[in-house]
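Spelled out, the chains give:
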Amino acid sequence: MYRIVKKRELAENVDEFVIEAPEIAQKAKPGQFVIIRISKKGERIPLTIAEKDPEFGTITLMVQRVGKTTFHLSCFEEEHIIPDVVGPLGKPTHIEKWGHVVCIGGGLGLAPIHHIAQGVKEAGNEITTIMGFRRKDLVFWEDKMKLLSDKVIVTTNDGSYGMKGLVTDALQKLIDDGVKIDMVITAGPVPMMKAVAELTKKYEIPTVASLNPIMVDGTGMCGACRVTVDGEVKFACVDGPEFDAHKVDFDELINRLNMFKTLEAEALKMFQKKHCGCGKE
Ligand SMILES: Cc1cc2nc3c(=O)[nH]c(=O)nc-3n(C[C@H](O)[C@H](O)[C@H](O)COP(=O)(O)OP(=O)(O)OC[C@H]3O[C@@H](n4cnc5c(N)ncnc54)[C@H](O)[C@@H]3O)c2cc1C
Ligand code: FES
């Protein structure tokens, strides 16, 4: 049983949960995730361990409300018990002393990027973080990324905060300014990761992307999370979730993420009708 110790809304439709999970907090490494099930009849969904506190035995999850389960979870308050939290899952990020690392997170991609940046900093790298959001009121965790990074660049699509444009515009500017970049690590919406990979490939900058395919067990037993990397089928939950971004078939990933769109929309509609959107059972 996993108790919600703290909950707060970070931005529109984004919640942060601190959850009591001492064993996971002891073992979790950057890049790893958990699979949670929030009720007896619930589905299993993967969420990244954005932060851990082994001393207090807690892990922090950031959740974007996109469908039935994440909307339902957002109704849970402090002291609520989550029945199943399985983890840590996935391969930890491969971290070396590369030199200058650019960490790029779009929206909820900040969850993996935050934990990875902690590891990258501990390994003695210089870090520039590029955080991308649609607009000013969706910006979160800038303070936390500033603590870890030598430089933080926030971009908003509409220019309402920070640099106007996309994360790739900020990355292009660094390249144009002649900044030496030894490694790029990116997480966020798939089209964003694809655009980052296309840009860095042109300049031969090694790039790793944290992929987010549909998952069920998260332990390598079903293949729901399969992705194609360098022409080979890989299971993101055990072989990843991070892969060489220049070798990932991003278009296939986008198609596979859209596979259950109709059923997902129906499930959310039924849930909201039954619970008036509040989700309390
Ligand atoms: C390894 C991993 C780590 C993740 N970490 C986080 C995280 O830290 N925070 C977070 O908010 N989300 C994270 N996700 C995505 C999260 O698992 C999904 O948003 C969630 O499963 C949606 O469940 P739902 O029932 O609310 O929505 P659904 O009804 O299942 O889906 C609603 C919409 O979200 C899209 N969607 C569904 N699953 C995913 C997915 N896996 N990735 C991207 N879009 C999806 C669907 O295409 C659909 O449009 C992660 C996914 C993976 C694989
Ligand atoms: S989620 Fe089943 S094998 Fe990865």
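Because the structure is a prediction, the values reported are computed rather than measured. (Residues numbered from 1 in each chain as written. Chains lettered and ligands numbered in written order. Predicted model: local features only at pLDDT ≥ 70, side-chain atom pairs only at ≥ 80, totals over all residues. Heavy atoms only, no water.)

Draft legend 1. Structural context of the overall build of the chain. Counting secondary structure elements, the chain contains nine helices and 17 strands. Its C-alpha radius of gyration of 18 Å places the chain within 12% of the 19 Å reference for a compact globule of 281 residues. Viewed in the frame of its principal axes, the chain has a C-alpha envelope of about 55 × 40 × 40 Å. The long-range fraction of contacts in the chain, counting pairs at least 24 apart against all pairs at least 6 apart in sequence, stands at 65%. Carbon and sulfur atoms make up 52% of the accessible area of the chain, which totals about 13600 Å². Averaging the positions of the 37 positive and the 40 negative side-chain charges in the chain gives two centres separated by 4 Å. (Helix = DSSP H or I, 4+ residues; strand = E, 2+ residues; numbered from the N terminus. Rg over C-alpha atoms; globule rule 2.2 N^0.38 Å. Contact = heavy atoms within 4.5 Å. Areas by Shrake-Rupley, 256 points an atom, 1.4 Å probe, with all protein chains shown as cover. Lys, Arg positive; Asp, Glu negative; His and termini not counted. Charge placed at Lys NZ, Arg CZ, Asp CG, Glu CD.)

Draft legend 2. Fine view of a nonpolar patch on the surface. Taken together, M259, F260 and L263 make up a surface patch of nonpolar side chains, about 300 Å² in accessible area. Here M259 lies in the loop between α8 (250-257) and α9 (261-275). Among the residues examined, M259 registers a relative accessible area of 46% and is labelled partly exposed. (Patch = residues over 30% accessible without salt bridge, like charges linked within 9 Å, V, L, I, M, F, W, Y side chains within 5 Å. Salt bridge = Lys/Arg side-chain N within 4 Å of Asp/Glu carboxyl O. Buried < 20%, exposed > 50% of the residue type's maximum accessible area, 1.4 Å probe, protein only.)

Draft legend 3. Quick look at the nonpolar core. Ranked by size, the top nonpolar core spans 34 residues in total, and within it I104, I130, L171, L211 and F250 carry the most contacts. Among the elements of the structure, β3 (33-37), β9 (100-106), α5 (167-176), α6 (190-202), β15 (226-229), α7 (236-239) and α8 are those that each provide at least two residues to this core. Examining the composition of this core, we find that six residues originate from one element, α6, more than from any other. Both domains that meet at this core, namely domain 1 (2-89) and domain 2 (100-258), each give it at least three residues. (Core = buried A, V, L, I, M, F, W, Y, C linked by side-chain atoms within 4.5 Å. Domains from an automatic or database assignment.)

Draft legend 4. Broad picture of unusual backbone geometry. With an omega of 0°, the peptide bond running from G87 to P88 counts as cis. Structurally, P88 can be placed in strand β8 (residues 84-89). Cis geometry marks the peptide bond from G240 to P241; its omega dihedral reads 15°. Topologically, P241 is positioned in the loop between α7 and β17 (242-244). In the Ramachandran plot, E79 falls in the positive-phi region, its phi being about 85° despite a non-glycine side chain. Relative to the elements of secondary structure, E79 occurs in the loop between α2 (68-74) and β7 (81-82). Notably, D230 is not glycine yet its phi reads approximately 55°, a positive angle. For D230, the position within the fold is in the loop between β15 and β16 (232-235). By relative accessible area, D230 is classed as exposed at 52%.

Draft legend 5. Spatial organisation of the UniProt feature "binding site: [2Fe-2S] cluster" (unreviewed entry) in the chain. The residues that UniProt annotates with the feature "binding site: [2Fe-2S] cluster" (unreviewed entry) are C222, C225 and C237. Despite a sequence span of 16 residues, these residues sit close together in the fold, their greatest C-alpha distance being 10.1 Å. Structurally, the position occupied by C222 is in the loop between β14 (207-210) and β15. C222 sits in the partly exposed class, given a relative accessible area of 43%. If we skip the residues at most four places from it in the chain, C222 touches V216 and D217. Summarising the element assignment, C225 is placed in the loop between β14 and β15. When near neighbours in sequence (up to four residues on either side) are disregarded, C225 contacts P213, I214, M215, K234, F235, A236 and C237. (UniProt positions renumbered as here; feature names shortened; annotations may be inferred.)

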